[in-house]
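A look at the structure
Here is what each chain is made of, one letter per residue.
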Amino acid sequence: MPELPEVETVTSGLNFAIKNLIVKKVHVNRYDLRIKVSNEITSVLNNLKVIAVKRRAKYGIIHFQNEYSIVFHLGMSGRIVIDREIFTPLQKHDHIAIELFKKNNKNYKLRFLFRDPRRFGFFNIYKTHSINYNNLFKALGPEPLADNFSIDNLFNKITKSHSNIKSLLLNQNIISGLGNIYVCEALFLAGISPRTEGYSLSLRQIESLYYKIKEVLLKAIKEGGTSIQDHKKVSGEIGYFQNYLSVYNRENERCYNNCKEQIIRFKQNGRSTYYCPNCQK
Ligand SMILES: [Zn+2]
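Residues numbered from 1 in each chain as written. Predicted model: local features only at pLDDT ≥ 70, side-chain atom pairs only at ≥ 80, totals over all residues.

1. Considering helix H5 (residues 180–190)
Taking burial as the measure, the 11 residues of H5 include nine buried ones, the bulk of the element. Taken as a whole, H5 has its buried residues at Ile181, Tyr182, Val183, Cys184, Glu185, Ala186, Leu187, Phe188 and Ala190. Where the residues of H5 are buried, they touch helix H1 (4–18), helix H4 (165–170), helix H6 (203–222) and strand E10 (271–275). Gly191 lies just past H5 and shows a positive phi near 70°. (Buried ≥ 20, exposed ≤ 12 C-beta atoms within 10 Å, placed from the backbone. Helix = DSSP H or I, 4+ residues; strand = E, 2+ residues; numbered from the N terminus. Contact = placed C-beta atoms within 7 Å.)

2. A word on the nonpolar core
The tendency in soluble globular proteins is for nonpolar side chains to be buried as a group. With 64 residues, the main nonpolar core has Phe123, Tyr182, Cys184, Ala186, Leu187 and Val247 as its most contacted residues. In terms of residue count, H5 provides more of this core than any other element does, eight residues in total. Built from parts of two domains, this core gets at least three residues from each of domain 1 (4–133) and domain 2 (151–275). Sequence-distant contacts of Ala186, that is, excluding residues within four places in its chain, are made with Leu209, Lys212, Ile213 and Val216. (Core = buried A, V, L, I, M, F, W, Y, C linked by C-beta atoms within 7 Å. Domains from an automatic or database assignment.)

3. Some remarks on the environment of Ala52
Looking at the secondary structure, you find Ala52 in strand E2 (residues 50–56). Sequence separation between Ala52 and Leu14 is 38 residues; the distance between their C-alpha atoms is 9.0 Å. Excluding residues that lie within four positions of it along the chain, Ala52 makes contacts with Asn15, Lys19 and His63.

4. Regarding the sheet that holds strand E1 (residues 22–28)
Strand order in this open sheet of four strands is E1-E6-E7-E5, and the pairing throughout is antiparallel. The two strands at the open ends of the sheet, each matched to only one other strand, are E1 and strand E5 (79–84). Taken over all neighbouring pairs, the strand axes of this sheet differ in orientation by 20° on average, direction set aside. Bridge count for strand E6 (residues 94–102) against strand E7 (residues 105–115) is eight bridges, and the pairing is antiparallel. Each residue of the ladder has a partner; that of Glu99, found in E7, is Arg111. Each of E5, E6 and E7 touches H1; the most contacted strand, E7, lies at about 160° to it. (Pairing = 2+ DSSP bridges. Axes fitted to C-alpha atoms, helices over the stretch in contact; angles between N-to-C directions.)

5. Looking at the sheet that holds strand E4 (residues 68–73)
Strand order in this open sheet of four strands is E2-E3-E4-E8, and the pairing throughout is antiparallel. The open sheet is flanked by E2 and strand E8 (122–127), the only strands paired with a single partner. In this sheet, neighbouring strand axes are inclined to one another by 20° on average, regardless of whether the strands run parallel or antiparallel. Pairing between E4 and E8: six bridges, direction antiparallel.

6. Things to note about the domain arrangement of the protein chain
For the protein chain, the assigned domains are domain 1 (4–133) and domain 2 (151–275). A C-alpha centroid distance of 30 Å is found between domain 1 and domain 2. Domain 1 puts 15 residues into the contact, and the matching count from domain 2 is 19 residues. When contributions to the side of domain 1 that touches domain 2 are tallied by element, the ones reaching two or more residues are H1 and E5. In terms of residue count, H1 provides more of the side of domain 1 that touches domain 2 than any other element does, nine residues in total. Grouping the constituent residues of the side of domain 1 that touches domain 2 by class yields eight nonpolar, three polar and four charged. (Nonpolar A, V, L, I, M, F, W, Y, C, P; charged D, E, K, R; others polar.)

7. Topic: the packing of H5 against H6
Where H5 contacts H6, the axes come no closer than 8 Å and their chain directions differ by 130°. Classified by the angle between their axes, H5 and H6 sit oblique to one another. The handedness of the crossing between H5 and H6 comes out as right-handed. Here Tyr182, Glu185, Ala186, Leu189 and Ala190 of H5 lie close against H6, whose contacting residues are Gln205, Ser208, Leu209, Lys212, Ile213, Glu215, Val216, Leu217 and Ala220. Taken together, the residues of the contact of H5 with H6 break down into nine nonpolar, two polar and three charged. (Parallel < 35°, antiparallel > 145°, perpendicular 65-115°, else oblique. Left-handed = near helix turned anticlockwise from the far one by under 90°.)

8. Looking at the pairing of E4
Two faces, one strand: in a regular strand the side chains alternate between the faces of the sheet. With respect to burial, E4 is a largely interior element, five of its six residues being buried. Judged from the five bridges that link them, strand E3 (residues 59–64) and E4 form a sheet pairing that is antiparallel. Each residue of the ladder has a partner; that of Ile61, found in E4, is Val71. Taking the residues that link successive antiparallel strands as the turn, the E3-E4 hairpin has three residues, and the phi of Asn66 there is positive, at about 60°.

What follows is the structure in structure tokens.
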């Protein structure tokens, strides 16, 4: 499932491609996505300029003129695909297509598609001012790469709980944007066992975790995200962070710390956790 670095890769690529372009036409192939697509999407966006494409947690947000925004989530298998000049026929899983043009260049054509074979994602239109009060957004925790994400804040939230640190970091109300891959990686880099209960972590451990979360996310963004399953950039290229994973997806392989242990995988709260039993206490 796409996490912060994958969504950031997609939104920054889309922003680069469509910022300042103007909507010519919106075509919807399927309305019954995880959230039903509002009918007005095909009418209200015409002739509106794209102001910017941003990311919040694991959501992409496309801001348009006139206070309209599209919020999308890539679910498990969702992708944004960009076509330039030549628009090939839509495929079965291309649920929404938006054509755009340049104000001073009528010949310039670009189209982007929301493609999602498994349909766990969504793509819907909202009034921009309503987004922060939307149920999707209102309880989200801080962005780990933003200024308002602090060690104190993380320490207070984590040490209040008897849950294991793995599930606490996956909780989007505590910190937003992390999923299974980057939680496993950050815990390895910080030397913390995924089984550790939140209340038992020291300030020093939380401090280490805080910096390792940022480090792993920044490196993953730089590499264009992790392409183990479906993630691709809007250009169709894959990301490369899978080449830098320390524990995730490395069951029975040797720990890179040269500690002679193998990476263990076990089920934790219903999901696979990867860790080194020697390096993570
Ligand atoms: Zn190890």
